[in-house]
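Now for the letters of each chain:
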Amino acid sequence: MLSLTPEIVLTGIKPTGTPHLGNWVGAIRPAVALSHDPRRRALYFIADYHALTGLKNAEELKTYTYSVAAAWIALGLDPERVIFYRQSDIPEVFELAWVLACFTPKGLMNRAHAYKAAIQKNQEAGESDLDAGVNMGLYTYPILMAADILLMNARAVPVGSDQQQHVEIARDIAQYVNRQYRAEIFTLPEALIDEQGAVIPGLDGRKMSKSYRNTIPIFAPPEELRKLVFRIATDSSRPGEPKDPEASTIFQLYRLLATPEETAAFRRAYEAGIAWKDAKEALYALLEERLRDPRARYQELVQNRAALDRIFEAGATAAREIAGDTLKRVRQAVGIAR
Ligand code: ADP
Ligand code: TRP
């Protein structure tokens, strides 16, 4: 049956670094594609207050907020189609977070994976205080995330598999509230995980991640891009020796941007024993060709904070309309209504 109310799809983007090819393929490209589905209404936002849990350099937080927003727009996010906003512009999020905290069993937070990972790290380091270095923002991170999601009535939340647990926590909290007041106050969200979603390898062959310092930033200038490509790890097979494309980071990256025909031709070159130097040259040429235009758009946008502010402002106005309705419903349900 055709539903008249579009399903709300929502995701948050933490502004903690310059986006790399892994972010693009794993998060930006699929989210932009989803925003073109006419049965859905997309709300995407920069989760700047989430970033504050770990990022305490004010200039960096501000710079990344603009640069990450510029990157998404340069890579196809259309602010006319997507409600694109900054989390910090929506005060309703923080009020709702408090309400949700009052319904969140403390044990649920103890089991959240980011907190558990911090504890485990302390344990391994022989630290006597297992909570060392854990601030309450990190500890209650999933509650703020639940507020982001539930406030906007999101149904589908596209995230990487590392965030699945957080979406499940949001769903659990929504159910506690709905049950308590015997009403459907919140829509129950679900994580949307691209199961086939490739894990993009980085320069050293491990998962591309800023924590491993093995990334290729999407908008690196040509000389840097070329240098990075030439740093990609390869095995010791010699020119003329057939090479396995599936085991090659160069090939994995090439395939992300190439057409099927280009990929097939590159595969044949591997079978014919292409030299690593030439494979790298081919990857660099392809990246440069496909990233040149988005890079130019990015450079123009990132310097125009006023334009980005206007986009954020329009996004916040639209998002706050939804937020206001939800919050009213919540206040009424819990007895804060005047
Ligand atoms: P990083 O690992 O560099 O810190 P983030 O954790 O900020 O990256 O990731 C933001 C988004 O990009 C997440 O949705 C994540 O799943 C996706 N992503 C990050 N790295 C990769 C990768 N190497 N391959 C595929 N997707 C990735
Ligand atoms: N926690 C997410 C991340 O680290 C970012 C995020 C914040 C988010 N709020 C959200 C994602 C709400 C989806 C929905 O990547």
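Residues numbered from 1 in each chain as written. Chains lettered and ligands numbered in written order. Predicted model: local features only at pLDDT ≥ 70, side-chain atom pairs only at ≥ 80, totals over all residues. Heavy atoms only, no water.

### A few points about the overall build of the protein chain
No. 1: Within the protein chain, the secondary structure is distributed over 14 helices and five strands.
No. 2: Over its C-alpha trace the protein chain gives a radius of gyration of 22 Å, about what one expects of a compact globule, namely 20 Å for 338 residues.
No. 3: Its C-alpha atoms give the protein chain principal-axis dimensions of about 75 × 50 × 45 Å.
No. 4: Carbon and sulfur atoms form 51% of the exposed surface of the protein chain, whose accessible area is close to 17,400 Å².
No. 5: The positive charge centre, built from 42 side chains, and the negative charge centre, built from 42, are 2 Å apart in the protein chain. (Helix = DSSP H or I, 4+ residues; strand = E, 2+ residues; numbered from the N terminus. Rg over C-alpha atoms; globule rule 2.2 N^0.38 Å. Areas by Shrake-Rupley, 256 points an atom, 1.4 Å probe, with all protein chains shown as cover. Lys, Arg positive; Asp, Glu negative; His and termini not counted. Charge placed at Lys NZ, Arg CZ, Asp CG, Glu CD.)

### What to know about the domain arrangement of the protein chain
No. 1: Each assigned domain of the protein chain is listed with its residue range as follows: domain 1 (7-200 + 305-334) and domain 2 (219-298).
No. 2: In this assembly, 11 residues from domain 1 lie in contact with nine residues from domain 2.
No. 3: Of the roughly 850 Å² buried between domain 1 and domain 2 on both sides combined, carbon and sulfur atoms contribute 78%.
No. 4: Connecting domain 1 to domain 2 are two residue pairs in polar contact (both at pLDDT 80 or more).
No. 5: Sorting the residues of the side of domain 1 that touches domain 2 by element identifies helix H1 (21-34) and helix H3 (58-74) as the ones contributing at least two each.
No. 6: Its residues assigned to classes, the side of domain 1 that touches domain 2 comprises eight nonpolar, two polar and one charged. (Domains from an automatic or database assignment. Contact = heavy atoms within 4.5 Å. Buried area = accessible area lost by both parts, 1.4 Å probe. Polar contact = N/O pair within 3.5 Å; in protein donor to acceptor, adjacent residues only side chain to side chain. Nonpolar A, V, L, I, M, F, W, Y, C, P; charged D, E, K, R; others polar.)

### Quick look at the packing of H3 against helix H14 (residues 305-334)
No. 1: Contact pair H3 / H14: the axes reach a minimum separation of 11 Å and the direction vectors enclose 75°. Looking at the two axes, H3 sits roughly perpendicular to H14. Contacts between H3 and H14 involve Lys62, Thr63, Thr65, Tyr66, Ala69, Ala70 and Ile73 on the former and, on the latter, Arg305, Leu308, Asp309, Ile311 and Phe312. (Axes fitted to C-alpha atoms, helices over the stretch in contact; angles between N-to-C directions. Parallel < 35°, antiparallel > 145°, perpendicular 65-115°, else oblique.)

### Brief notes about the packing of aromatic side chains
No. 1: Applying the stated rule across the entire model yields 13 aromatic pairs.
No. 2: Centroid distance Tyr115 to Tyr139: 4.7 Å. Interplanar angle 75°. Geometry classified as edge-to-face. Taken together, the positions of Tyr115 in helix H6 (residues 113-124) and Tyr139 in helix H7 (residues 136-139) put the pair 24 residues apart, joining distant regions of the chain. Residue Tyr115 shares its accessibility class with Tyr139, and that shared class is buried.
No. 3: Arranged with centres 3.9 Å apart and planes meeting at 25°, the rings of Tyr254 and Phe266 form a pair that is stacked. One end of the pair, Tyr254, is in helix H11 (residues 249-257); the other, Phe266, is in helix H12 (residues 260-271), and 12 residues separate them in sequence. In this pair, the class of Tyr254 matches that of Phe266, namely buried.
No. 4: Each residue in the set Phe251, Tyr254, Phe266, Tyr270 and Trp276 is aromatic and connected to the rest through ring pairs, giving one cluster.
No. 5: In this structure, Arg206 is placed above the aromatic ring of Tyr212, and the distance from its NZ or CZ to the ring centre is 4.0 Å. (Phe/Tyr/Trp six-rings, centres within 6.5 Å; stacked < 30°, edge-to-face > 60°. Buried < 20%, exposed > 50% of the residue type's maximum accessible area, 1.4 Å probe, protein only. Lys NZ or Arg CZ within 6 Å of the ring centre and 35° of its normal.)

### A closer look at H14
Note: α-helices contain 3.6 residues per turn, so residues at a spacing of three or four share the same orientation.
No. 1: Along H14, the sharpest change in direction is near 25° and occurs at Arg320.
No. 2: Along H14, the residues that are buried comprise Ala307, Leu308, Ile311, Phe312, Gly315, Ala316, Ala319, Ile322, Ala323, Thr326, Leu327 and Val330.
No. 3: At its buried positions, H14 is contacted by strand S2 (40-46), H3, strand S3 (83-86), helix H4 (91-101), helix H8 (141-151) and helix H13 (276-302).
No. 4: At the exit of H14 stands Gly335, carrying a positive phi of roughly 100°. (Bend = angle between axes of the 7 residues up to and from the residue.)

### Side note on the site of ligand 2
No. 1: Around ligand 2 lies a shell of 14 residues, among which Gly12, His50, Tyr141, Asp148 and Gln163 are the nearest.
No. 2: Tyr141 is positioned with one of its side-chain polar atoms (N or O) 2.7 Å from a nitrogen atom of ligand 2.
No. 3: Between a nitrogen atom of ligand 2 and a side-chain N or O atom of Gln163, the distance comes to 2.9 Å.
No. 4: For ligand 2, the protein covers 90% of the area, taking 370 Å² as the surface of the free molecule.
No. 5: Of the residues belonging to the shell around ligand 2, the class tally is eight nonpolar, four polar and two charged. (Near = heavy atom within 4 Å.)

### Re the site of ligand 1
No. 1: The immediate surroundings of ligand 1 are formed by 13 residues, with His20, Ile200, Met208, Ser209 and Lys210 found nearest.
No. 2: Between ligand 1 and Ile200, the relevant distance is 2.9 Å, taken from a nitrogen atom to a main-chain nitrogen or oxygen of the residue.
No. 3: Ser209 is positioned such that a nitrogen or oxygen atom in its side chain is 2.8 Å from an oxygen atom of ligand 1.
No. 4: Against a free-state accessible area of 540 Å², the protein chains account for coverage of 78% of ligand 1.
No. 5: Tallied by class, residues from the shell around ligand 1 come to five nonpolar, six polar and two charged.

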